[in-house]
Amino acid sequence: MKLQRNGRSKALAIGAMALVSSLSLAACGSDDNGAKATGGSSGSASAAAVNCGKGGTLLAAGSTAQANAIDVWKTTYGASCSGTTVNYSGGGSGAGVQQFNQGKVAFAGTDFALKPADVDASKTVCTGGKAIDLPLVAGLVSLVYNVDNVDNLVLDGPTSAKIFDSQITKWNDPAIAALNPGVQLPDAEIQTVHRSDDSGTSYNLTSYFAKTSGGAWTAAPDKAWKGKGGQSAQGSAGVSAQIKQVKNSIGYAELSYAQSNNLKSAKIATGAAKPVEATAANAALTFASSTVVGTDGDLALSLDYGTKADNAYPIVLVTYEIACDKGNKPENLDNLKSFLNYAISDGAQKAIGDKGYVPLPAAISDKVKAAVSSLA
């Protein structure tokens, strides 16, 4: 069994290395999606190959997990397509889905795939069609913490679930100490911080708990926080700000927020040869084994939160852009396809890879490119 696991880990590592190599080559050339810019200014090299839409304002909302990625894309896309303004407001995945199904935005970002009820509701705004999930931003959820003199904290599924459910309340608890031999853990109360809004980040973290906690986390995965106790904050930015300010605290946010706020991220003991660091390269190993499980044009993914492959980081998330497969408003369609085509391009994925996100594997991005092209 060990040989089999090592072989699978080696295969995943080779795939991730190939992904990194292809992205490096793409960065050396143009950001080519097979088209020439048709509008706007000449722009920067990273946005030189964009088919621009008709111009105007493209409204979107939802996941705060992808907000930093959208900011990068708005700048580079706008350099080529100066006639189009992308206006993205956060608010969380739940709010994004709600606004989409109310017809208020052209697309929305959500960190969990649409539920059947959401798809049914979308048929009122997608004339003759329905909403579909298009994976566009891949990332990972860091367990961010602020504990003096503890720089390499290790946690696992059962222990982290108990911390966030107030079953473990002291930093020097025996369960934490067992995972961190030789580390001087303080005799201090743990201050947990969770999302106050309906959040796909919460959904992905609790999916990890459900898979790995051995029953310690009793609630089903949910976008609404179900853990006991703790403080709450709005959005990933709010959680990160709280962790930065509050001593002996722990919370969760995407890697890009951990990096931009200089927060420490826990390593995860998964059952692999050694605890796994929260890095984009390690998350890429997990995404390399993901599969499309959506049907009828939907590209929802299955993610392995319980991976034990060496160096594969388990707490991953993917943000889907939801759009109508048919029935998009005519005034939005050209701009929508233009922006999404740019965002899934190799160069755009590479650009956010530099900000702590995980460029999607070609096997997935190719399917997204085909789906975007067929939007009507």
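Residues numbered from 1 in each chain as written. Predicted model: local features only at pLDDT ≥ 70, side-chain atom pairs only at ≥ 80, totals over all residues. Heavy atoms only, no water.

Another aspect to go through is the pattern of salt bridges. Inspection of the entire model under this criterion finds eleven salt bridges. Residue Lys-228 pairs with Asp-165 through a salt bridge whose shortest N-O separation is 3.6 Å. Here the residue Lys-228 occupies a position in the loop between helix H7 (200–212) and strand E7 (231–233), and Asp-165 occupies one in the loop between helix H5 (157–164) and helix H6 (174–179), the gap between them amounting to 63 residues. For Lys-228, a relative accessible area of 52% corresponds to the exposed category. Two residues, Lys-170 and Asp-187, come together in a salt bridge whose shortest N-O distance is 3.0 Å. Linking Lys-170 in the loop between H5 and H6 with Asp-187 in the loop between H6 and strand E6 (191–195), this pair joins segments that are 17 residues apart in sequence. Three or more residues joined by partner-sharing salt bridges are found here, namely Lys-130, Asp-296 and Asp-325. (Salt bridge = Lys/Arg side-chain N within 4 Å of Asp/Glu carboxyl O. Helix = DSSP H or I, 4+ residues; strand = E, 2+ residues; numbered from the N terminus. Buried < 20%, exposed > 50% of the residue type's maximum accessible area, 1.4 Å probe, protein only.)

Attention now goes to the nonpolar core. If you look at the biggest cluster of nonpolar residues, it comprises 83 residues, and the most contacted ones within it are Trp-73, Leu-143, Leu-153 and Phe-339. Considering every element that reaches this core, the biggest residue donor is strand E4 (residues 131–146), with nine residues. When neighbours within four sequence positions are excluded, Leu-153 is seen to be in contact with Tyr-145, Trp-171, Ile-176, Asn-180, Leu-185, Ala-266 and Lys-267. Within the second largest apolar cluster, eleven residues are counted, among which are Val-97, Val-105, Leu-114 and Val-119. (Core = buried A, V, L, I, M, F, W, Y, C linked by side-chain atoms within 4.5 Å. Contact = heavy atoms within 4.5 Å.)

Okay, the side chain of Ser-213 next. Its location among the elements puts Ser-213 in the loop between H7 and E7. Take Ser-213: its relative accessible area is 4%, and that puts it in the buried class. Within polar-contact distance, the side chain of Ser-213 engages the backbone oxygen of Phe-209 at 2.8 Å. Dropping the residues within four chain positions of it, Ser-213 is found in contact with Gly-157, Pro-158, Ala-161 and Tyr-208. (Polar contact = N/O pair within 3.5 Å; in protein donor to acceptor, adjacent residues only side chain to side chain.)

With that settled, the discussion passes to the environment of Gly-128. Checked against the element boundaries, Gly-128 lands in the loop between helix H4 (116–122) and E4. Looking at Gly-128, the relative accessible area reads 70%, which means it is exposed. Along the primary structure Gly-128 and Asn-328 are separated by 200 residues, whereas in three dimensions their C-alpha atoms are 9.5 Å apart.

On to the packing of aromatic side chains, then. A full pass over the atoms with the stated rule returns twelve aromatic pairs. Between the aromatic rings of Tyr-77 and Tyr-342, the centroid separation amounts to 5.9 Å while the plane-to-plane angle is 40°, which identifies the pairing as tilted. With Tyr-77 in helix H2 (residues 67–80) and Tyr-342 in helix H11 (residues 330–343), this residue pair connects regions lying 265 residues apart in the sequence. According to the relative accessible area criterion, Tyr-77 is buried, its value standing at 1%. Residue Tyr-342 is classed as buried on the basis of its relative accessible area of 1%. On the basis of an interplanar angle of 75° and a centroid distance of 5.9 Å, the ring pair of Phe-164 and Tyr-252 is categorised as edge-to-face. (Phe/Tyr/Trp six-rings, centres within 6.5 Å; stacked < 30°, edge-to-face > 60°.)

This part is about the pairing of strand E13 (residues 316–324). In terms of burial, E13 is largely enclosed, as nine of its nine residues are buried. Here E13 shows two buried faces, one formed by Val-316, Val-318, Tyr-320, Ile-322 and Cys-324 and the other by Leu-317, Thr-319, Glu-321 and Ala-323. Note that strand E3 (residues 107–110) and E13 share three bridges and pair antiparallel. What sits directly across from Thr-110, in E13, is Tyr-320. Inspection of the sheet shows E4 paired to E13 by nine bridges, in the antiparallel sense. Pairing of Pro-135 across the sheet is with Tyr-320, part of E13. (Pairing = 2+ DSSP bridges.)

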